[in-house]
Every structure is written in structure tokens, then in C-alpha cells.
Amino acid sequence: MPSRLGDAMAPQASDPEALAAMFLEAERAVVLTGLRLGGPESRDLTHANGEWAERASLEAFLTDPGRFWEYFYPTAVRIAAREPGAGHEAIARLQQAGVVADLITQAVDRLHSRAGSPDPVEVYGTVLISRCERCGERYVLPEVGELIAGSPDGVPRCTTPGCGYPLRPEGTLWGESLPRKAIERAWEIAAEADAFFVLDSDLRTAPISLLPSVPLTRGAPLVLVGEEATQYDRYAQTVIRTPSTQVIVAVADLIAPASA
């Protein structure tokens, strides 16, 4: 990471025109979004703090799977009830217009895909799907709920004939490594970026916390938008200390206005 003298960069006022120009000047603009677009990660159900880290952890899954599913399933159902917001739709518009080359997300709710973003790299996977690690069969949440309801110990199991292996969430559990293919792809994308935009991520959890260092070492501009300060503020070309939705919508409206 390049070094700069002085204290951390002071937050800057939002300037949609300037940000739009940065997007348009880049040949490969890359966007990284945090756990929940439009607000700080600390307010998300899947953040490291609080009950999620304890009850949706790999340790909880392995040692007390019934209690794990008692917490995880209704939490996943609440996440599944979310709808794409204006920020998700704005990013999708920028991608469809060819302005954003790639999208990396820490979100586990698949709202970017539902908003129209093509092939987002989900570095934490998703809570909306569960799978059997023995035979590879995958199950959506309603199916998982039915299996839990019919299980004497509250643990969903694979229904493939002759299998019956306990299911696990497709998404990364607290305390386990992120999916290798997604992380490798995220690093490849970051290495190709000539402008890197981070929206609503506190950049505190490795290895994603290291991702902005990849474009920085190549001299690519870094833009940080969000309420939380990050370790990269002093290295960023632009820091906007506000939730990202209003900012990215204003940029998309300038570059790729929504159809009437």
C-alpha cells in the first residue's frame, strides 16, 4: 500500500458530477459493496458483532446443529424478505451501461442479482441456499424450512435417496474460510481495476479488508463511500462519509438514467 504523510483524510462532501467523471474516465471501474447497501455494516444481522458471530458460527454448526438451525433459519428468512433498493438498482444500471466492469459484494442476500447486476462476486456466498456436502444437492429456504419442521432434532437432512446427510448453509459461517473461487476471482478483478469504489463496507474483516490494497499498489484511485471510517481513508482519493445510496443513485442518474 502506498504511504502518505499526514493524518487520515478528512471526509469530503458528495459531488456526484466528480464521481460520475471518475467512473467514465475508468476503463475498468470496480465496485465493492458491504454487507448491506445503504447503511453501516454494524447494523446488519450477519455482522461479526452480536448473536450472529456466536450462534451462526462454524463451531455452533458443528457442536449444536439443532440450536444453530433454530437461530439461522428464521434469520435467513428475514434476510430473504428484503427487496432491492435504489442503490442496488443504480449499480445495476451502471453495469448494464458498461460503466462498472465488475461488482464484488459482501452481501449474502442476492439483492444485487435481483436488481439486475450480472454475475456479482459473492465473497461470503448466500444464506438463501443450503447444500448437502455429501452429494451436492442444493435446497432453497422453503424446502429447508419443511425439512426442519419434519426433523425430530430440528436439523434438515438431504432427501436424496440413500443420502440423508445433514445440510449446511451455502454461505460462509463465522469462523470459517471464505469460498476460494470467489476470493480468487475478487483478487483478479481488483488487480485489473483502474478505479476502485467501496460502498458501505467498514473493511475490517480479512481477507476482504486487504482487497483495496491491490488497486492501490498499482496507483489506481480509491473511492470510499459510507458512514464508517476505514483503515484506508488516508490513502483514498475521495472519502464520502455518508450512506452510499443517495450518492450512487445520483451518479447513475447522471450517466444511465432509469427508463421512464
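Reading the values: the criteria
Residues numbered from 1 in each chain as written. Predicted model: local features only at pLDDT ≥ 70, side-chain atom pairs only at ≥ 80, totals over all residues. Heavy atoms only, no water. Pairing = 2+ DSSP bridges. Helix = DSSP H or I, 4+ residues; strand = E, 2+ residues; numbered from the N terminus. Axes fitted to C-alpha atoms, helices over the stretch in contact; angles between N-to-C directions. Buried < 20%, exposed > 50% of the residue type's maximum accessible area, 1.4 Å probe, protein only. Lys, Arg positive; Asp, Glu negative; His and termini not counted. Salt bridge = Lys/Arg side-chain N within 4 Å of Asp/Glu carboxyl O. Contact = heavy atoms within 4.5 Å. Left-handed = near helix turned anticlockwise from the far one by under 90°. Nonpolar A, V, L, I, M, F, W, Y, C, P; charged D, E, K, R; others polar. Core = buried A, V, L, I, M, F, W, Y, C linked by side-chain atoms within 4.5 Å. Phe/Tyr/Trp six-rings, centres within 6.5 Å; stacked < 30°, edge-to-face > 60°.

Moving on, we get to the sheet that holds strand 6 (residues 167–169). Ordered in space as 5-4-6, the three strands form an open sheet in which the pairing is antiparallel. The sheet terminates laterally at strand 5 (138–140) and strand 6, the two strands that pair on one side only. Sheet twist, expressed as the mean angle between neighbouring strand axes with direction ignored, is 30°. Here strand 4 (residues 129–132) pairs with strand 5 via three bridges, running antiparallel. Directly across from R131, in strand 5, lies its bridge partner R138.

Structurally, the position occupied by D202 is in the loop between strand 7 (195–199) and helix 9 (213–217). One buried charged side chain, D202, makes no salt bridge at all; its nearest oppositely charged neighbour is R204, positioned 4.2 Å away. In contact with D202, not counting residues within four places along its chain, are E41, H47, E228, A229 and T230.

Turning to the pattern of salt bridges, a few remarks are in order. Evaluation of the coordinates by the stated rule reveals 18 salt bridges. The partner of R28 in a salt bridge is D102, and the shortest N-O contact between them spans 2.4 Å. In this pair, R28 sits in the loop between helix 1 (16–25) and strand 1 (29–33) while D102 sits in strand 2 (residues 100–105), placing the two residues 74 residues apart along the sequence. Put simply, D233 and R241 hold a salt bridge, and the shortest N to O gap is 2.4 Å. The exposure class assigned to R241 is partly exposed, which follows from its relative accessible area of 24%.

Let us look at the environment of R138. Position of R138 relative to the elements: it lies in strand 5. A relative accessible area of 43% places R138 in the partly exposed class. Once you skip the residues sitting within four places of it in the chain, R138 turns out to touch I129, S130, R131, E143 and E170.

Where helix 5 (residues 86–96) contacts helix 10 (residues 244–255), the axes come no closer than 8 Å and their chain directions differ by 35°. The element helix 5 and its partner helix 10 pack so that their crossing is left-handed. Seen from helix 5, the contacting residues are A86, G87, A90, I91, R93 and L94; seen from helix 10, they are T245, I248, V249, V251, A252, D253 and I255. Class assignment of the residues belonging to the contact of helix 5 with helix 10 gives a composition of nine nonpolar, two polar and two charged.

The subject of this paragraph is the environment of L32. Assignment of secondary structure puts L32 in strand 1. Considered as a pair, L32 and D102 are 70 residues apart in the sequence and their alpha carbons are 8.7 Å apart. Among residues more than four places away in sequence, those in contact with L32 are I104, T105, Q106, F196, F197, V198, L199, L203, I208 and L211.

Counting 50 residues, the largest nonpolar core has I104 and F196 as the members making the most contacts within it. Those elements giving two or more residues to this core turn out to be strand 1, helix 3 (58–63), helix 4 (65–80), helix 7 (141–149), helix 8 (180–192), strand 7, helix 9 and strand 8 (222–225). Ranked by residues supplied to this core, first place goes to helix 4 with six residues. Discounting chain neighbours no more than four positions away, the residues touching I104 are V30, V31, L32, T33, V121, V123, A186, I189 and L211. L94, V223, V225 and V247 belong to the second-largest nonpolar core, a separate cluster that totals 25 residues.

In space, the six strands of this open sheet follow the order 3-2-1-7-8-9, with parallel pairing throughout. Taken across any chain shown, the strands that pair with only one partner, and hence form the sheet edges, are strand 3 (121–122) and strand 9 (238–240). As defined by bridge partners, strand 7 adjoins strand 8 across four bridges and the pair is classed as parallel. Bridge pairing in strand 8 links F196 to L222. Along the sheet, helix 5 makes contact with strand 1, strand 2 and strand 7, crossing strand 2 at roughly 145°.

Going through the model one piece at a time under the given rule, you end up with seven aromatic pairs. Note on W69 and F72: the rings are 5.6 Å apart at their centroids and 80° apart in plane angle, and the pair reads as edge-to-face. Of the two residues, W69 and F72 are both situated in helix 4; the distance of three residues between them amounts to about one turn of the helix. Neither residue differs from the other here; W69 and F72 are each classed as buried.

Omega for the bond connecting A206 with P207 falls within 30 degrees of zero, at 5°, which places this linkage in the cis form. Non-glycine residue D119 carries a positive phi angle of around 55°. Looking at where D119 falls in the secondary structure, it is placed in the loop between helix 6 (111–115) and strand 3. Of note in the backbone geometry, L203 takes a positive phi value of approximately 55° without being a glycine. On the secondary structure map, L203 appears in the loop between strand 7 and helix 9. Residue class for L203 comes out buried when judged on its relative accessible area of 2%.

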